[in-house]
Amino acid sequence: MANPTITQLAADLAAGRTTSRTLAEEALARIEDPKGEGKRAFVKVWKEQALAAADASDGLRKAGLVPSTLAGIPVSIKNLCDVAGETTLSGSKALDDAKPATADAPVVARLRAAGAVIVGSTNMSEFAFSGVGFNPHYGTPGNPADRTRVPGGSSAGAAVSVADRMAVAALGTDTGGSVRIPAAVCGLVGFKPTARRVPIDGVIPLSTSLDSIGPLANSVEDCAIVDAVFAGEFGKGPISVPDAAPLAGLRFAIPKHFVMDELDATVAKAFERACKALAAKGVKIEEIDLAELNELPAINAKGGFAASEAYAWHRELIARRGPDYDPFVHPRIMRGKDMTAADYIELLAKRADLCRRVSAITSNYDAVIMPTCAIVAPTIEEVSTPEGFTKKNLLLLRNTTVGNFLDRCAISLPCHAKGELPVGFMMMGEAMADRRVLAMARSLAPVVAAH
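Residues numbered from 1 in each chain as written. Predicted model: local features only at pLDDT ≥ 70, side-chain atom pairs only at ≥ 80, totals over all residues. Heavy atoms only, no water.

Asker: Could you give an account of unusual backbone geometry, with specific residues and numbers?
Answerer: Here Gly-153 and Ser-154 are connected by a cis peptide whose omega angle stands at 5°. At Arg-165, a residue that is not glycine, the phi angle is positive and equals roughly 60°. With respect to the helices, strands and loops of the structure, Arg-165 is situated in the loop between helix H6 (156–163) and strand E4 (169–173). Positioned with a positive phi, Met-432 is a non-glycine residue whose angle comes to about 65°. (Helix = DSSP H or I, 4+ residues; strand = E, 2+ residues; numbered from the N terminus.)

What follows is the structure in C-alpha cells.
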C-alpha cells in the first residue's frame, strides 16, 4: 500500500477521520520500534515536543484555526538545521561540545509557523559530504527496498524516515544531489529548488555557493507544498500547488555526454521505459549534444566549491577535533586546503561562463531529463572500503551535481517497476523555473512510474 500523502492526511484531519495526535503517535511508534530503522534514521527524537505540538494543532483546528495544509502533519528535519536549545551536530561527533543554537533556522521556523509537527532530527552523511548516506558515528540506516543497501546521501535518514512512515515529509539539503539521490534510491520524490529561493541561514553549510534546501516526500504535490513553506510562499490556509501541465507537446532534451555514461542495467532499462511511456503521451524527446558537461570534471579538479568552502568553515574545527571526523569525509574537506584565492576566483568565473553557455542550449526545451543516479543503491559492504566508497560515491553524485553547479532546479521521480530496485527519473529546469518544473512533474510522475 502506498504511503499516505500530505494532501490525503490534510483531508482526513479536516473531516475528523484522524487527529494530529494519532498521526504523531503512529510516527513516533515506528521510530521507537526496535525492529525498525528509527535508531539509525534519527540522531534526535523530540517525542514530548512533538506530542505537545500535535495536541496544540488539534486544539487550534477545533477552534477553526488551521495555518496551512501542513498543519498537524509529522515531518522530520535534517541534523544540520539549528533548533533553539539544541546542539547542531551535522551527523558528526566533532561538534558535540558546540554551544546550543539560540534560535531555529528560518526553514525550521517556517515549518512550525505552517503548523507542521517536527518529530526529530535525521541522520546524514557527516557534514553532508557524500552521496552514499554512510555514517560511522550514528550508524547507517538500511535502504527500505533492501536493508543491506545504503539509503543514499547525504539526506539518508530523511529518506528512510519518509519511506518507513516515521514522517510524512522530510527536510533535506542538496549541495550535489543530497535530496535527489536518497529520494531516487529509496523510491521517493525529491525536489531541489533553485538555491536562492530558500534561506540557508542557521543551517551548517557544506558549500554556500551550492547548498539548497528541499523536500523528500511521497508525491510531487507533497514536495510542492513543503517547498512553498520553505520558500515562504504560503499565507493562511491551503498552500498553492501548481496545476499539472499538459504533457502533449512538451520538449525534453537528453544530453548525450557525461550523464548517460556507465549506467547500470537496471537504471538504463527503467529510464528507457519511462522515456517511451512519455513519448506515447505526446512528449517530444531529443538527444542533444551537450559536450559542455564534459568540462565539469576539469573545472572541479582541485576540489570545486565544496572542498574550498567546506575547508574555510572547518579549518579551526579540524585543527581541534580532526581525529573525530569520519575518515572518508576528512580527506575530502582537506582538498580545499591547497586551493588558492586565484583558484577560487577562476572557479567562480568558469561557473558563470558554463551556466551561460549551457542555458543558451537548454532554454530551448521545457526541461533536461536523465537518470537521477547512474547506479542503484550500493550495498553497505560495497562502500565499506575507501576505494569502493569513492567509486560508488562518484557514480551516485555525477548526474545530480550538474544541477547544483548550473544553479538549476530539479526533481527526481520514481521510475522503477515492482520488484526492481528503486531508480530515479530526473527532470532539470532552468534557474527559477521551480513552479514550472513542479507543474510538469505532476503530469510526469504517474507516467514514468512503471506499473
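Asker: Could you give an account of the pattern of salt bridges, naming the residues involved and the relevant values?
Answerer: Evaluation of the coordinates by the stated rule reveals 29 salt bridges. For Lys-276, the salt bridge identified is with Glu-272, shortest N-O distance 3.4 Å. Note that Lys-276 and Glu-272 are positioned in helix H9 (residues 265–279) at a spacing of four residues, about one turn of the helix. For Lys-276, a relative accessible area of 57% translates into the label exposed. (Salt bridge = Lys/Arg side-chain N within 4 Å of Asp/Glu carboxyl O. Buried < 20%, exposed > 50% of the residue type's maximum accessible area, 1.4 Å probe, protein only.)

Asker: Can you lay out the packing of aromatic side chains for me, pointing to particular residues and giving the numbers?
Answerer: Counted according to the given criterion, the structure contains eight aromatic pairs. Each member of the aromatic cluster is reached from another via a ring pair, and the members are Phe-127, Trp-313 and Tyr-325. Stacked on the ring of Phe-405, the Lys or Arg Arg-351 has its end atom at 5.9 Å from the ring centre. Its guanidinium or amino end placed over the ring of Phe-258, Arg-398 lies 6.0 Å from that ring's centre, counting from NZ or CZ. (Phe/Tyr/Trp six-rings, centres within 6.5 Å; stacked < 30°, edge-to-face > 60°. Lys NZ or Arg CZ within 6 Å of the ring centre and 35° of its normal.)

Asker: Which residues make up the sheet that holds E4, and what values do they have?
Answerer: Backbone hydrogen bonds are what pair the strands of a sheet, in a parallel or an antiparallel way. Here 11 strands make up an open sheet; going across it, the order is E1-E3-E2-E4-E6-E5-E10-E11-E9-E7-E8 and the pairing mixed. Two strands close off the open sheet at either side, each with one partner strand: strand E1 (42–45) and strand E8 (284–288). Shown here is a sheet whose adjacent strand axes are inclined to one another by a mean of 25°, direction ignored. Docked against the sheet, helix H15 (residues 434–448) engages strand E5 (189–192), strand E7 (251–255), strand E9 (367–371), strand E10 (409–414) and strand E11 (424–429), running at close to 15° with respect to E10. (Pairing = 2+ DSSP bridges. Axes fitted to C-alpha atoms, helices over the stretch in contact; angles between N-to-C directions. Contact = heavy atoms within 4.5 Å.)

Asker: Describe empty space enclosed by the protein, listing the residues and the values that go with them.
Answerer: Counted according to the given criterion, the structure contains three cavities of 30 Å³ or more. In this structure, the largest cavity encloses a volume near 70 Å³. Contributing to the lining of the largest cavity are Leu-80, Ala-128, Thr-173, Thr-175, Ile-200, Val-203, Ile-204, Pro-205, Leu-206, Asp-211, Ser-212 and Ile-213. Residues of the lining of the largest cavity, tallied by class, amount to eight nonpolar, three polar and one charged. Roughly 50 Å³ of internal volume is contained in the second largest cavity. Lys-44, Trp-46, Lys-78, Asn-79, Leu-80, Cys-81, Val-83, Glu-86, Thr-87, Thr-88 and Ser-121 together form the lining of the second largest cavity. (1 Å grid on protein atoms, 1.4 Å probe; cavity = no way out; pocket = protein on both sides within 12 Å on 5 of 7 lines; lining within 4 Å. Points joined across faces, edges and corners; volume = space filled by probe spheres on them. Nonpolar A, V, L, I, M, F, W, Y, C, P; charged D, E, K, R; others polar.)

Asker: Summarise the layout of surface pockets; cite the residues concerned and give the values.
Answerer: The probe, sized like a water molecule, is rolled over the atoms to show the empty space still left. Roughly 960 Å³ of internal volume is contained in the largest pocket. Around the largest pocket sit 37 residues that line it, and Asn-300, Arg-332, Leu-394, Leu-397 and Thr-401 are the ones nearest its centre. The set of elements that each furnish at least two residues to the lining of the largest pocket consists of helix H10 (296–299), helix H11 (304–321), helix H12 (330–334) and helix H14 (386–405). Among the elements that take part in the lining of the largest pocket, H14 stands out by supplying 12 residues, more than any other. For the lining of the largest pocket, the per-class residue count stands at 21 nonpolar, 12 polar and four charged. Each pocket or cavity is described by its volume, and for the second largest pocket that value is around 760 Å³.

Asker: Give me the side chain of Arg-61: which residues, what numbers.
Answerer: Counting through the fold element by element, Arg-61 comes out in helix H4 (residues 47–62). Of the side chains with opposite charge, Asp-58 lies nearest to the buried Arg-61, which makes no salt bridge, at 5.2 Å. Here the side chain of Arg-61 touches Ala-71 through a polar contact of 3.2 Å, landing on its backbone oxygen. Excluding residues that lie within four positions of it along the chain, Arg-61 makes contacts with Leu-13, Ala-14, Val-66 and Ala-71. (Lys, Arg positive; Asp, Glu negative; His and termini not counted. Polar contact = N/O pair within 3.5 Å; in protein donor to acceptor, adjacent residues only side chain to side chain.)

Asker: Before we move on, can you summarise the side chain of Ser-125 with the specific residues and values?
Answerer: Mapped onto the elements, Ser-125 comes out in the loop between strand E3 (117–122) and H6. A polar side-chain atom of Ser-125 sits 3.3 Å from the main-chain carbonyl oxygen of Ser-130. Those residues within four positions of Ser-125 in sequence are excluded, and the remaining contacts are Ser-90, Ser-130, Gly-133, Phe-134, Asn-135, Gly-153 and Ser-154.

Asker: Describe in detail the environment of Gly-202, supporting the description with residues and values.
Answerer: Here Gly-202 is to be found in the loop between E5 and strand E6 (213–217). Take Gly-202: its relative accessible area is 28%, and that puts it in the partly exposed class. For the pair Gly-202 and Ala-105, spaced 97 residues apart in sequence, the C-alpha to C-alpha distance is 4.3 Å. Setting aside its immediate chain neighbours within four residues, Gly-202 contacts Leu-80, Cys-81, Asp-82 and Ala-105.

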